[in-house]
Structures are given as C-alpha cells and as structure tokens.
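Residues per chain are reported as follows:
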Amino acid sequence: MIEVAAVLAAVLQNWDDFAIILTLLVVNATVGFWEEYQSGNAVAALKAHLAPQARTLRDGVWTTVPARELVPGDTIRIRMGDIVPGDVLLLSDASLELDQSALTGESLPVSRGAGESALSGSIVRRGEGTGTVTSTGSTTYLGRTAQLVAAAQPVSRLQSAILRIGDTLIMLALGLAAVIEAVSLVRGVSLLTSLQFALVLAVAAIPVAMPTVLSVTMAVGARKLAGEKAIVTRLESMEELAGIDVLCSDKTGTLTQNILRIGDPIAFDDVTEREVLEAAVLASRAEDHDPIDAAILAYGGAHAVAGDFRVTRYMPFDPVLKRTEATLTAPDGSSLRVAKGAPQAILAFVGGTTQTGATLEAAITEIARHGFRALGVARARAGGPWEYLGVIPLFDPLRPDSAEVLAAIRDLAVQVKMVTGDQAAIARETGLRLGMEGAVTTPDEWADAARRTQILEATSVFAQVFPEDKYTIVAELQHRGHIVGMTGDGVNDAPALKEADVGIAVSGATDAARSAAAVVLTAQGLAVILTAIRQARQTFARMTSYAIYRIEETIRLLFFIALTIVVLGFFPVTALQIVLIALLNDGAILAIAYDRTPISPTPVSWRMSRILRVASVLGVTGLASTFLLLAVAVGPLHITGGPLQTLLYLKLSVAGHFVIFLTRTEGPFWRSRPASVLMLSVFGTQILASILALMGWLIPQVPPLWVVGVWGYAALEMFLVDGAKQWAYRRWARLGASPGLRAPDSAPPARLPSRWFFHPRHR
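Residues numbered from 1 in each chain as written. Predicted model: local features only at pLDDT ≥ 70, side-chain atom pairs only at ≥ 80, totals over all residues. Heavy atoms only, no water.

Brief notes about helix α15 (residues 424-433)
Let me state the cut-off plainly: When accessible area is computed with a 1.4 Å probe and restricted to protein chains, residues below 20% of their type maximum are described as buried, those above 50% as exposed, and intermediate ones as partly exposed. Segments assigned H or I by DSSP are reported as helices when at least four residues long, segments assigned E as strands when at least two residues long, and all are numbered from the N terminus. This arc corresponds to the set of directions leading from the helix axis out to the C-beta atoms. The contact criterion used is simple: two residues touch if any of their non-hydrogen atoms lie within 4.5 Å.
When we look at burial in α15, the residues that qualify are Ala-424, Ile-426, Ala-427, Thr-430 and Gly-431. Projected down its long axis, α15 shows its buried positions confined to an angular sector of 160 degrees, all on one face. Looking at the buried residues of α15, the elements they touch are α13 (354-368), β16 (373-381), β18 (415-419), β19 (439-441) and β20 (459-462). Of the residues one or two after α15, Gly-435 is the one with positive phi, at around 85 degrees.

What to know about helix α12 (residues 343-350)
When α12 is considered as a whole, its buried residues turn out to be Pro-343, Ile-346, Leu-347 and Val-350. The buried residues of α12 occupy one face: seen down the axis, they fall within an arc of 100 degrees. In the core, the buried residues of α12 are packed alongside β14 (323-329), β15 (335-341), α13, β16 and β17 (387-395). Of the residues trailing α12, Gly-351 is marked for its positive phi of about 65 degrees.

Quick notes on the environment of Ala-339
Checked against the element boundaries, Ala-339 lands in strand β15. Considered as a pair, Ala-339 and Arg-323 are 16 residues apart in the sequence and their alpha carbons are 6.8 Å apart. Discounting chain neighbours no more than four positions away, the residues touching Ala-339 are Ala-283, Thr-324, Glu-325, Ile-346, Phe-349, Gly-376, Val-377, Ala-378 and Trp-386.

Re the pairing of strand β4 (residues 87-90)
Note the following rule: Strands pair, by our definition, only if DSSP identifies at least two bridges between them.
Two elements, β4 and strand β8 (residues 123-135), share 4 bridges in a ladder whose sense is antiparallel. In the sheet register, Leu-90 faces β8, and the bridge partner there is Gly-131. As judged from the 2 bridges shared by β4 and strand β7 (residues 117-118), these two strands associate in the antiparallel manner. By the bridge assignment for β7, Val-88 is matched with Ala-118.

As for the confidence of the model for the protein chain
Operational definition: Confidence scores labelled pLDDT are given residue by residue by the predictor and lie between 0 and 100.
Summary statistics for the protein chain give a mean pLDDT of 81 and a share of 83% for residues scoring 70 or more. Here helix α26 (residues 755-758) stands out as the least confident element of the protein chain, with mean pLDDT 32; β20 is the most confident, with 94. Scored below 50 in pLDDT, residues 148-154 makes 1 contact in the model with residues more than four places away or belonging to other chains. Every residue in residues 743-763 scores below 50 in pLDDT, and together they form 23 contacts with partners more than four places removed in sequence or on other chains.

Comments concerning a nonpolar patch on the surface
Condition: Patch membership requires over 30% relative accessible area and the absence of a salt bridge. Like charges are linked within 9 Å, and nonpolar side chains (Val, Leu, Ile, Met, Phe, Trp, Tyr) within 5 Å. Residue exposure ignores everything except the shown protein chains as possible cover, and the areas themselves are Shrake-Rupley values with a 1.4 Å probe. The rule for a salt bridge is simple: a side-chain nitrogen of Lys or Arg has to be within 4 Å of a carboxyl oxygen of Asp or Glu.
Residues Val-179, Leu-563, Val-566, Val-567 and Leu-568 make up a contiguous nonpolar surface patch of about 390 Å² in total accessible area. Looking at the secondary structure, you find Val-566 in helix α20 (residues 527-568).

Description of the packing of aromatic side chains
Applied cut-off: Stacked, tilted and edge-to-face pairs are distinguished by plane angle, under 30 degrees for stacked and over 60 for edge-to-face with tilted covering the rest, among Phe, Tyr and Trp rings (Trp via its six-membered ring) whose centres lie within 6.5 Å.
Applying the stated criterion across every chain yields a total of 13 aromatic pairs. Ring centres of Phe-669 and Phe-719 lie 5.3 Å apart, and the angle between their planes is 65 degrees; on these two criteria the pair is classed as edge-to-face. Within this pair, whereas Phe-669 is found in the loop between α23 (641-662) and α24 (676-695), its partner Phe-719 is found in helix α25 (residues 704-735), the two being separated by 50 residues in sequence. We classify Phe-669 as buried; its relative accessible area is 12%. For the ring pair Phe-683 and Trp-711, a centre distance of 6.3 Å and an interplane angle of 15 degrees mean the geometry is stacked.

Re the side chain of Ser-249
Mapping Ser-249 onto the fold places it in strand β10 (residues 246-250). Judged by its relative accessible area of 1%, Ser-249 falls in the buried class. Apart from the residues lying within four places of it in its own chain, the contact partners of Ser-249 are Thr-254, Leu-255, Val-416, Lys-417, Met-418, Val-419, Thr-487 and Leu-526.

Right, here's the structure in full:
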C-alpha cells in the first residue's frame, strides 16, 4: 500500500514526497532482499552438511559421494540404516528388508533380493547389498510422486504466531485508518490527501518486515549453532528447541566417549578365554566399522587367534535379533558357526540349560557392578549344537564433562532422562555416576497402561530399551504436557525422532535418523545439546523482543495519530514523516538478530496473551507520555505548524527506538548491555532522524535545543516505560504460567476483546 501512497503523491503532483517515498521504497526493498538472501544462503549451507551420501564403485574403487551426484548405471552399496538414494536394481548379493511406508503407506517392511527394485526414499531396515542405479531425482518413483503433490506444509507455531500478530495489527491499522479517513472527509480535507495519509499510516502499522526480521533472526541463530556442531534441519526447530523441558538422552556417544574397550573374557565350564576371544573375533568384520567389532579386533592378539578361517556366510548385527552370526570353514575343512550379541539374546538363541542361565546371570551381575556391559559369545562345531562359551566385558568411559553438563542443563529447568539398551544394573551404576538418582525402569515395568505415564514421569534412567520403546516414551511424556527432546542414531530411532518435538540425531547417525531429526549433531557429547538449548532460547528471546516492540510501536503510533486527528482536529505528523519512522524502525530492528539477548532460565514458548498485554502496557505508557509532550509544546511553548510536527516526529522516532532496549529483558534494561551492533543501529538511525530535523532536510527545521530536549525527554520516558514493563511482568508471574509445557487441548480461551486474535482462522 505504500506504493499506492507514492502514486497518490504523483497524482497530487507532490513530487518531493513522491521522490522521497520512492527512494525509501527502493532502499527498504534492497535491504530486505539482501537480508533474506543472506539467511537463505545460511540455511542452504547448513543443509549441505546434511546431504545424504552414497557408496559407489567408480574406476574400480569404492568411494563415498553425495547422493545427488549419482547417475543411472552407477553401482552402489547400501546397508541397514541407509536411505536408498535412487531407484536401484538389486544384484545377486543383495538381501534387504525395506521400509516403504513413506512411499506406499505400507507399514510392514518388504523383502527385496536379487533382480528386484529398491525404490528411492526407502529405508533399509535389515540387510545389505549391491545394486545398479536405474533412475535418480525427479525421474524416480518418489520424484514423480513429489511433482504431483502440492507443497502444502502444516502451519508451525512460529508461523501461527506471525499470522496472529499480523492479523491483529492489520485489523487495528485498517480500522483506525478508516476512522481517520471518515473524520477527515467530514472536516473538508481533500479526498486524495486524506487517503494518502491514511494509506501511509496503515502501512506504518502493518508489520511488513516481521517475516524478514524473524527469518533473519532464526538464520543467524542456526548459523551460530552450526559453528557449535549442531545443524538445524529447518528454521522453525529453533523455536521448538527453546521450549523443551524434558530431554531423553542416549548414553553411548552422548554421555560416554563412544570408544568401546573390552576386558578379559569370562569363560564358562571348560572353555578357555582364548576360545571365547577366537569365536568373538570370527563373528566380527572390520569393513562394517561396527564399534563392538572394532573393539574386539583391536584387542591384543585378536588377529593371531583367528587363524586361516574362511567366512562363507555372514549376518550383520540385527537390532531386532540383537546378535551377529557367521558361518566359516576351518583350515582343516570342518564347518564352524559363531555368534555374538546381547547375553540374554544369545542365551535364547542357543537354548542353554538352567545352569548356563545361572552362570550367565552371575557373570553379568559381576560385570554390571563395575558399570560394564557384557557381550555373549556362542559356537557350534560341524553341525553340532550351539554352546555358550562365555561373555566379554565391554565398557565405554564416561565423558569427563558429562556430569557437569547434565547439571547445567538441569539449571535451565530441563529434566534429563537417560535412555539406554544396557541392563538395569549397568544403567543404574552409570546413572549414579552422572548424578541421576531417580528411578530406573525397564519396558516390562511399563506394561500396565494405567500406570505407564506416571512411571515414565518419575523415571530418570530407562534401561533395556529397544528403539521402538523410545516412541512410547516420547508419546507418553507428550501426553503429560511436556515438550520433549529425544536423541537417537539408528534407523529404528527414526519414528521416535519424528514424533518428538525436537528429534536430535547424534553424531554418526544413519541417514534415516538424520532425515527424521530436527537437529543433527556433528560432534559427540551432551555439551553440544546444552549449547543448542542456550542458543535457541537466545534466538527465541530476540523474536519475542521484536514481537513486543512491533505491537507496542503500532499502539503508540496509531492511537496517538488517530486520537489527535479525531479529538484535536489536526495532523500531528505528515505522511512523509510516518514513512521515515516506519523505515528507520525496520532498519534498526534488523540488528536484533545479532543482539546479546539474555537467556531465559526456563523453557520458553509463544505465550501470546502475555506478549499482547506487555506490549499494550508499554504502548499505552508511551502514548500518555507523547500526549504530555504535545500538551507542553502547544500550551506553555506555543509551538504550532510544521515545527510542531517535526518535534512530534522526532519524539516518536527517538522514544520508539529506545523501546528496543526495554523489550530485551524482563528486568531493568540497564542490567543487560545490548550488543554493539544493536546500539550502533539504534543510535545511528536516530542520529540520522535528528540531522534531518536540525538541517530541515525533507521536513521543517527545528532549533538544536529542541532536539536535545527531545532526546532528554525520551530518555526520561524510557525509565518510566521500563517501570511499567517490570510491573506487567511481575503481574504475569503472579498469575502463574507453566513455562515450557504444552497447553492442554481443554485450556480455556484467553479472555481479551480481540477473541479472534487467539483463535485465528489460519490452521
């Protein structure tokens, strides 16, 4: 609509106004385009880190390349956890179970073998194999389907907040502009002149820069997070990350160093430690880069005990069966089968005696007492029965900073729950070392649906957890009203990561887990998550600060101008001055994206009623102060005409910019120093506004003493408005809000005059 105002200025032959408005439009559009371009580049750079990779055979050498570089005819290797990068014709060695639910809606995995096709986008649930790429990109089944589907996305909480704020300000601006237009016509003001003024006023109140400011703010936050080794897959995740109040953390690689070590084997019956180690080595394969295999093969003398056995069949570790199995031919030609895996899974597989079970339980208990895990090892010779050889202790040292980081996360009012597949005794010992003194539970204890939610709420350590149990944990905690973060790395973690409010794929996660996650970590350890939460809360504080500022300025500007015209019968500022205020405000507030905003000690969320109430208190206080200045200027000082308009313009501009400093914190503004870039931006634009008034450029000239007086008056008003702000926040605190918790569906609507503000039509 500001373009319409420029056209009206041309129709009225106000060429000075036309040239100025047109120039400001070009400058504003250029700044907005550049900031959006920069934020877009930042997001593109972050997503480049997450691009799926593919292992392909080129020039006789297996290499890893970005999946987008594959071409039809490439030979690729896919394994459990991979997302199939294109439509692939499987070769003779392939035996896969694929999850095609995203393509076909079929919930159960499908089996695919030699001569069959694996579709792009499928997730490899089990197995591995080689295949030839037949099509890529938009020519795949997934690509053709995507082209037929409209890019409809659900409205996020951030988008909903923008729509609510925007709708409110637009309706308010248009309503008051209509009143001003009607009053002006009744008083004989020219239709084109009054229409131009009303349009400019409406444009100044409409938050056209809000999407740009919020996008830039989130992009800057996401870019800083990427520097801390946490990549946000979509900008809206910054808001969700700032609000989590429960974090379910993996143990391995997050709380520990993810460097497995093995101890001396514990052999059963007449078996020797060498035999246990030999079977474990034969059931391991270096090329799979499995951490347990690597620990076993790195053990002293591992390669020597393996001898010259030849592998004829190898089954990689299966997260459902919880074991690895291999069939070999010994140097003397005899057949040998070996298996290793979770001790109880191996016991169920070999069908050991009661005595074997008791011996196993005693060994596991002794190992667990030291906080170690146990690896069961079994063997079957020449078609004979399976025999349980013994167990090997495994341990993953805790990170030196894990306990300290956990305490820091709790200080941010976030509950941390450890999720591990370890036995309860191991999990309990690890939890105690980390300061987790709450209950330790296993999935068997959640069987009672009536008490499940209560048990999960009270649990600090979840033990013996399968990947599918994570989904239950997330859903139940969300049902209790929590905003849940969940870490994971495997293909079976993907549903839980997708269901969580903030799914966090840890370093080394599979493609499936990374695709489902909102945040992808590229460094190990919980410290990265702590940094991410802090950065997200700071980013959210910047967005909230801008929202309050934008609503407050609309109330201050709109109501002052409307009431002055309707009640006092004159235009307090010109249309050009309104344009200057609006554009200088938008230019200065962009710097909020780089501000050193205080970090909230509790989880945050879009509490729209509080934002509106606080902004209203600030706006009304500033409005009263502006009318007081008007009364002094017109009364004792007898200022009228153009100089009065310049005086009021300068006061609205300077005092409005000072409000930016007030919205940054709930406490006194002087206790939190703004970032230098924000101070330079605010004072720079206001010095420019003051120079215009002093020199008489574009607007009527005023004496230097008036400019100094306006700055002093605005500074005094800042303390007054800051006191009103603190009162508003204290009143809100007494009303009692539950920060970080999701609002129940049955929550009553906020009782405010603008009911539609809290129940928008946008869904």
